[in-house]
Amino acid sequence: MSIAEIRDSLRTARRALQDDYSVNPHPARHLRAYSKVVDDHLRRVWRLLKLPADLALVAVGGYGRAELFPRSDIDLLILLPQQPSPELEAQLKSLVGTLWDLGLEIGHSIRTVGDCMAESSDVTVQTNLLEARHITGNRALFLEMREALSEHLNKRAFYLAKVQEQELRHKRFVTTDYNLEPNLKESPGGLRDLQTVIWIARACGFGHTWQALAEADLITKIEARQTAQHERLLQDLRIRLHYLSGRHDDRVVFEYQTALAEQLGVKSSAQRRSSEHLMQHYYRTKRAVLQVNDVLLQTIRARIFPVAETHPINERFVARDDKLEARDELLFEREPTAILESFLLIEQHPRLTGFSAQTLRALWRARRSIGSEFRKDPRNRALFMEIFRAPQGLTHALRRMNQQDILGRYLPAFGRIVGQMQHDLFHVYTVDEHILMVIRNLRRSTLPEYEHEFPLSSKIIRDFARPEVLYIAGLFHDIAKGRGGDHAVKGRVDAARFCKQHGVMREDAELVVWLVENHLTMSSIAQKQDLSDQDVIAAFAAKIKNERYLAALYLLTVADIRGTSAKVWNAWKAQLLEDLYNSTRRFMTSGKVADQVGDIRQRTTETLALYAIHPEIYKLLWAQFDADYFLRHEPHEIAWHTRMLAHRVNSEAPIVKARLSRIGEGLQVMVYTQDKPYLFARICSFFARMSYNIMEAKVHTTQHGYALDSFLVMDANNDNTVYRDVMNFIEYELTQTLTTSAPLTAPSVGRVSRQLKHFPIVPQILIELDEKKRHIMSIVAGDRPGLLARIAYLLAQHNIELRSAKINTLGSRAEDTFWISGEALDRPEEVAELRDTLQKQLA
C-alpha cells in the first residue's frame with residue numbers, strides 16, 4: 001500500500017467514524033475506535049518505511065490511554081535502543097514528515113530508555129510515560145522502559161507534583177472568560193481533573209478505571225458509576241465540539257453553545273435559551289467532578305502518607321491535621337443536624353481548612369436526607385442562622401455548602417439557580433456563583449485589610465448593627481432569576497418566607513424583604529438620572545424608610561455591581577453611588593439635597609481664592625453662565641473651568657484642556673468653543689478613534705453662544721493606561737479636530753463582540769418627558785466601538801441638541817441616557833422618525 005492509499009484510507013475511516021458518532025454517540029467507544037484507526041495506519045506507514053526492528057513506536061498522553069479525540073494531537077514516543085546514527089536520524093525525519101503529510105497532527109519525541117528516565121524528573125513527561133502503550137516495533141524495549149519507570153517512580157512525590165500542577169492549572173483557568181466559555185479539558189471540573197485522579201491512582205497501584213478504584217475501596221460502586229456518567233458528558237461535549245469547530249478547540253465558546261444544545265436535543269423554554277439549559281447541565285457536572293476530585297485526592301493521600309494526628313473538637317467531631325472529621329462515618333445519617341453543625345464548626349475554628357475525605361464522602365451521601373422534615377427542624381434553622389451570624393468564615397462556609405449540594409437542598413429556591421448562566425452580556429458568573437460573590441463582597445467590607453478598597457463601604461458596615469440582614473438579602477436578591485417576570489418581586493416572597501421560618505426579628509425581616517425588592521433601584525438612579533436635580537434626590541429619598549435602609553441599600557448595591565464582573569465596576573460608578581448616597585443622606589437629615597446656586601458660587605469663589613484669583617477676573621465669564629450650569633457642576637469643576645477660561649471668554653480658537661479625574665481613574669476633558677452643528681458628534685468621533693469610552697458628558701451652552709462641554713473618559717482597552725502621558729496629545733489633537741472646517745462624515749460603528757453576535761440585543765429607544773417637561777432619551781443596545789459617536793451624529797442630523805448624557809456600559813450591553821432638546825421633539829412624527837432611524841442604525 002502506498003502513502004497516497006494510506007492517506008485516502010485514513011480520510012475515509014475518519015469520515016466513517018464521524019458519521020457513525022452522529023447516529024450512535026457513545027464517547028468511550030468512539031475514542032477507542034479513533035485510537036485504533038490511527039494505530040492501524042501508523043503500523044502501515046512503519047512497515048512501508050521499513051524502519052529497524054529494534055525500534056519501538058509508542059503512544060503516549062491521551063492517545064496512549066486510547067482516548068484520542070477527533071482533533072487532538074497524536075503524541076508519539078519513538079523508543080531507541082541507543083543513540084541514533086545519522087542514517088537513522090534521516091529515516092526518522094522522513095517518518096515524521098510522512099505522518100504530517102498523511103494529515104496526522106503529531107507531537108513526537110525520540111528517546112532511549114535512559115533518556116526517558118533522565119527526562120522523567122519532569123512530572124509531565126512522567127505522566128506521559130505512565131500511560132504509554134505499545135503500537136508496533138520492539139515490544140521488549142517498550143517493556144524495559146515500563147519496568148524502568150516503575151522502579152524510578154516515587155508515588156508520594158508524584159502525588160504532590162500532580163496536586164500542585166492541578167492547583168496552578170485551576171488558577172490559570174478560573175478567570176471570568178473561562179466562566180462564560182469554559183474549557184472542557186482544562187477548566188476546574190473538566191476532564192483534566194478526572195484524569196489527574198486516575199494518573200495518581202495508577203501511579204500508586206490502585207488501578208486506572210473508576211471500577212478499579214471502587215474495588216480498591218476508594219469510592220463506592222455507585223460513586224464510580226456516577227463519575228463515569230459525568231466523564232461521559234464531558235467527553236461527548238468535547239467530541240462534538242471538535243467536529244463542530246473542525247479544529248482542536250476545547251472551549252465551549254458562544255458560537256457553539258446553541259449548536260451543541262441542538263445536537264443534544266436540549267430545547268429552549270419560555271424564560272431561557274437552549275444554550276442556557278445546556279450550560280446549566282455542564283456547570284452542575286463541573287461541580288460534581290470537583291467534588292469527586294477533592295474526595296479521591298484526599299482519600300489517596302490518606303492511604304499513601306502517614307496517619308495524621310487528631311485533636312478533639314467535641315463529642316462528634318475531631319480535627320485531623322487541618323481537616324474536620326466526623327468520629328463516626330454514619331453520624332450524618334444518624335443525626336442529620338450534624339450536617340449544618342459541621343460547617344459552623346469550620347467557621348468557629350479558623351485553623352480548619354476543610355473536611356477530611358471520609359467526612360466529605362459522608363456529607364455527599366447524607367445530602368439526600370435534607371428534605372422538608374430537615375428544613376422544618378428548629379435546630380437546623382437555628383444552626384443555619386448561626387452560620388450567617390458567625391464573625392468569620394461565612395463565604396467559605398456557603399461555598400462549601402454549595403459545592404456539597406447542601407445549600408441547594410436546604411434552600412430549594414437556591415438549588416434551582418445552581419449552574420444557571422445569565423446570557424445578559426454583563427454577568428460572568430452563574431447565578432449561584434454571583435450570589436456568593438455578592439456575599440463575599442459584603443463580608444470583605446468588614447475586614448480592616450480591605451478598607452482601602454472602598455473606604456465608605458467599610459465605614460458604613462462597621463457601624464451597621466446585625467449585618468447578617470445584608471448577607472440574607474444578598475442570598476435572596478437574585479434567587480428568583482430564570483422564573484419569568486420580575487425576579488426582584490418574586491425573590492421578596494422567598495425572602496419573606498425564609499425570615500418568618502428562621503425567626504428573623506420583624507424589623508430586620510422587613511429590611512431584608514425591602515432590599516430584595518429594591519436591590520436594582522439605587523444602581524438605576526445613579527447611572528441613569530441627573531443627580532444634580534434636587535427632585536431626583538427627593539424622589540429617591542421618599543422610597544427609603546430611614547438611614548439604616550439607605551446604608552443597607554448602598555452596601556448591597558456596591559457588592560452586587562462588583563459581583564457581576566470586574567469589567568462592569570469602575571471608579572466612575574463608585575463615585576456615582578457615593579454621590580447619590582451622600583446627597584440622599586443629606587436630604588434625609590436636613591431636607592436639603594445640595595448647595596444651591598449662591599452656596600455653590602461661594603464655595604467656588606473660596607477655591608479660586610486659593611489660586612489668588614480675584615472675582616473681578618472672572619466676572620465676565622460667570623456672567624455667561626446660567627443657574628443650570630452651577631447646579632450641574634461641582635465647585636471644583638467650576639473652579640477648574642474658570643481658571644482655564646477667565647481670560648479667554650471670547651476666544652476664537654477652540655480651547656481643550658484635560659486633567660486627571662478626581663475619582664482616581666480616567667481623564668476629565670473640557671472643550672470650550674463657539675457652538676456649531678455636529679460639535680458633540682465630532683468630539684465623540686475623536687474619542688471613538690482613540691478607543692476611549694465617554695463615561696459622562698455635560699453639555700452647556702453659554703449666554704453668548706459658546707459650548708462648554710465636560711467629559712469623563714477612560715481607555716476602553718487598557719486598565720493600566722498612564723493618563724498623564726496622553727493629556728497633551730488629547731489637548732492638541734482634539735483642538736486640531738475642532739478647528740477643521742471639513743464636514744463630519746458618518747462615524748463608522750465597530751465590529752460587535754463575539755458574545756453580542758450570538759446573543760444579540762434588540763435596540764430599545766424611549767423618548768419621553770420627565771416631571772420638569774425635559775425630554776429624556778433612553779437607549780439600550782449592544783455596545784460596540786463608535787456607538788456613542790453614531791448616536792450623536794444621528795441626533796445632529798435631526799437637529800436635536802444634547803444637554804447631558806450618562807453612558808452606562810455593562811459588558812457588551814449599553815444602557816445610555818440623554819437629556820435632549822429641539823423643536824423637532826414637539827412634533828410626534830419627527831420623534832417617531834428619529835426613533836425608527838436609531839432603531840435601524842443601532843441594530
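Keep in mind the model is a prediction, meaning the values are calculated, not measured.

A few words now on the sheet that holds strand S7 (residues 323-326). What the four strands build is an open sheet, ordered S5-S6-S7-S8; its pairing is mixed. In this open sheet, the two strands that pair with only one neighbour each are strand S5 (310-312) and strand S8 (354-355). Two strands pair when backbone bridges link them, and S7 and S8 are joined in this way by two bridges, in the parallel orientation. The residue of S8 that forms the bridge with Lys323 is Gly354. Each of S7 and S8 touches helix H17 (residues 357-366); the most contacted strand, S7, lies at about 60 degrees to it.

What follows covers the nonpolar core. Counting 153 residues, the largest nonpolar core has Phe332, Phe414, Leu470, Val669, Phe687, Met777 and Phe818 as the members making the most contacts within it. In terms of residue count, helix H30 (residues 547-562) provides more of this core than any other element does, eleven residues in total. Here Val669 is in contact with Trp640, Val656, Lys657, Ala658, Phe687, Asp709, Ser710, Phe711, Val713, Ile730 and Leu734, once residues within four sequence places are set aside. Formed by 99 residues, the second largest nonpolar core is a distinct cluster that contains Val60, Cys116, Phe254 and Val292.

Pairing is mixed across the open sheet formed by four strands, whose spatial order is S3-S2-S1-S4. The open sheet has two edge strands, strand S3 (106-112) and strand S4 (133-137), and neither has a second partner. The mean angle between the axes of side-by-side strands here comes to 25 degrees, regardless of whether they run parallel or antiparallel. Summarising the sheet, strand S2 (residues 74-80) and S3 pair through seven bridges and their orientation is parallel. Residue pairing in the sheet places Leu80 in a bridge with Thr112 of S3. With respect to the sheet, helix H7 (residues 139-152) is in contact with strand S1 (56-59), S2 and S4, its orientation differing from that of S2 by roughly 100 degrees.

What follows covers the pattern of salt bridges. Where side chains of opposite charge bring their charged atoms close, a pairing between them can arise. Scanning the model with the defined rule gives 51 salt bridges in all. Sharing partners across several salt bridges, the network here consists of Asp530, Asp533, Asp535, Asp770, Lys772 and Arg774.

Helix H40 (residues 828-842) packs onto helix H39 (residues 787-797) with a crossing angle of 155 degrees between their chain directions and a minimal axis gap of 11 Å. The orientation of H39 relative to H40 falls into the category roughly antiparallel. Between H39 and H40 lies a crossing whose hand is right-handed. Only Leu834, Thr837, Leu838, Gln841 and Leu842 of H40 make contact with H39, whose side of the interface consists of Leu787, Arg790, Ile791, Leu794 and Leu795.

About the criteria used
- Residues numbered from 1 in each chain as written.
- Predicted model: local features only at pLDDT ≥ 70, side-chain atom pairs only at ≥ 80, totals over all residues.
- Heavy atoms only, no water.
- Pairing = 2+ DSSP bridges.
- Helix = DSSP H or I, 4+ residues; strand = E, 2+ residues; numbered from the N terminus.
- Contact = heavy atoms within 4.5 Å.
- Axes fitted to C-alpha atoms, helices over the stretch in contact; angles between N-to-C directions.
- Core = buried A, V, L, I, M, F, W, Y, C linked by side-chain atoms within 4.5 Å.
- Buried < 20%, exposed > 50% of the residue type's maximum accessible area, 1.4 Å probe, protein only.
- Salt bridge = Lys/Arg side-chain N within 4 Å of Asp/Glu carboxyl O.
- Parallel < 35°, antiparallel > 145°, perpendicular 65-115°, else oblique.
- Left-handed = near helix turned anticlockwise from the far one by under 90°.

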